[in-house]
Amino acid sequence: YSMGGSVYYRDRIYRAYDEQRIGAEVRVGRRYGSRWNLSIPFRVETIELSNIDEDAPTEYFEQEEGSMLASAGFSLSRSSLDNITFPSKGNKLEMGLELFTGDYSFAVLKGEASRYFRLRENVLGEKTVLQLTARAAYIPGDEDVAPFYQRLYMGGQTFRGFDYRAVAPAGIRNDTGGVSEDTVGGNFMFFAGAEVRHPLFTDLLSGVAFIDTGTVDE
């Protein structure tokens, strides 16, 4: 059994607005055997937006006033990896559900699967590994059931080659009514990727070749 918690205060400066979050989270869990793990999180937080640019999407201004969200859910995972930090074989599956209430009521369904294949190993034990990953998430309901800052995005570390949160539907500019450069998130996300990692200097430096593909949709 496990239990953990946190209290946090976060200020994030995005390109078109600033976001402040104050909240607390408690997480309890249980491990089943050597591969299965169940985690149940509980969270309460307040979100406030400020310094919104004039050309930002209309959704940013519609949700400018502070909001309060509370959530509870579960995450169930199974892992058969040979190494947590640098796996070379095995697989990992994870699925979860989080229910939100408060100023907005919605649910987020998530799932992810990863598989690792050891392609070769030299006399020093350095391994070349193929990783295949697929993940999906879904927010049931209308397009605006969740505020834009809780919707689904990809980019940056979650989709290489694109800026942070750049892979998502674009919003409508508040000042001109045209298409905005800023995204407002989506209710459906799917990602599939393949990566080959080859060690260049022990585990400290590796070369990586990858293909990332996916979509975020309303």
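Look a little higher up for the structure.
Cut-offs used in this document
- Residues numbered from 1 in each chain as written.
- Predicted model: local features only at pLDDT ≥ 70, side-chain atom pairs only at ≥ 80, totals over all residues.
- Heavy atoms only, no water.
- Salt bridge = Lys/Arg side-chain N within 4 Å of Asp/Glu carboxyl O.
- Helix = DSSP H or I, 4+ residues; strand = E, 2+ residues; numbered from the N terminus.
- Buried < 20%, exposed > 50% of the residue type's maximum accessible area, 1.4 Å probe, protein only.
- Core = buried A, V, L, I, M, F, W, Y, C linked by side-chain atoms within 4.5 Å.
- Contact = heavy atoms within 4.5 Å.
- Patch = residues over 30% accessible without salt bridge, like charges linked within 9 Å, V, L, I, M, F, W, Y side chains within 5 Å.
- Areas by Shrake-Rupley, 256 points an atom, 1.4 Å probe, with all protein chains shown as cover.
- Pairing = 2+ DSSP bridges.
- Axes fitted to C-alpha atoms, helices over the stretch in contact; angles between N-to-C directions.
- 1 Å grid on protein atoms, 1.4 Å probe; cavity = no way out; pocket = protein on both sides within 12 Å on 5 of 7 lines; lining within 4 Å.
- Points joined across faces, edges and corners; volume = space filled by probe spheres on them.
- Nonpolar A, V, L, I, M, F, W, Y, C, P; charged D, E, K, R; others polar.

> Go over the pattern of salt bridges with me, naming the residues and quoting the values.
Following the criterion strictly, the structure yields 13 salt bridges and no others. A salt bridge links Arg15 to Asp182, with the nearest nitrogen and oxygen atoms 2.6 Å apart. Pair noted here: Arg15 is in the loop between strand E1 (2-13) and strand E2 (18-32) and Asp182 is in strand E9 (residues 179-183), with a separation of 167 residues, a long-range link. Owing to a relative accessible area of 8%, Asp182 belongs among the buried residues under this scheme. A salt bridge links Glu19 to Arg21; its shortest N-O distance comes to 2.8 Å. Taking relative accessible area as the criterion, Glu19 reaches 2% and is therefore assigned buried. Residue classification places Arg21 among the buried residues on the basis of a relative accessible area of 8%. A cluster of three or more residues bridged by salt bridges with shared partners is formed by Arg12, Glu19, Arg21 and Glu45.

> Outline the nonpolar core, listing residues and values.
Note that soluble globular proteins tend to have their nonpolar side chains buried in a common cluster. Membership of the largest hydrophobic core comes to 27 residues, with the highest contact counts inside it found for Tyr17, Tyr60 and Phe148. Those elements that place two or more of their residues in this core are strand E3 (36-50), strand E6 (106-121) and strand E10 (188-201). With residues near it in sequence (within four places) discarded, Phe148 still touches Tyr17, Leu49, Glu59, Tyr60, Gln63, Tyr153 and Val184.

> Requested: an account of a nonpolar patch on the surface, with residues and values cited.
A cluster of nonpolar side chains, contributed by Leu109, Tyr138, Phe188 and Phe190, occupies part of the molecular surface with about 350 Å² of accessible area. Within the secondary structure, Phe190 is located in strand E10.

> Outline the sheet that holds E6, supporting the account with residue identities and numerical values.
Taken together, nine strands build an open sheet; the order of strands is E1-E2-E3-E4-E5-E6-E7-E10-E11 and the sheet is antiparallel. Unpaired on one side and paired on the other, E1 and strand E11 (205-217) mark the two borders of the sheet. Adjacent strand axes in the sheet meet at a mean angle of 15°, parallel and antiparallel pairs treated alike. In this sheet, E6 lies alongside strand E5 (residues 90-102) in antiparallel orientation, the contact comprising 11 bridges. The residue of E6 that forms the bridge with Leu93 is Ala113.

> Residues and numbers for the layout of surface pockets, please.
Roughly 1,200 Å³ of internal volume is contained in the largest pocket. Those elements that place two or more of their residues in the lining of the largest pocket are E1, E2, E3, strand E4 (67-79), E5, E6 and strand E7 (127-138). Examining the composition of the lining of the largest pocket, we find that six residues originate from one element, E5, more than from any other. Taken together, the residues of the lining of the largest pocket sort by class into 15 nonpolar, seven polar and 15 charged. Of the volumes computed, that of the second largest pocket is approximately 870 Å³. Around the second largest pocket, the lining comprises 38 residues; the ones closest to its centre are Asn83, Ile84, Thr85, Phe86 and Pro87. Those elements that place two or more of their residues in the lining of the second largest pocket are E3, E4, E5, E6, E7 and E10. Among the elements that make up the lining of the second largest pocket, the one with the highest residue count is E4 (five residues). Within the lining of the second largest pocket, the residues separate by chemical class into 11 nonpolar, 15 polar and 12 charged.

The values are spatial; any link to function lies outside them.
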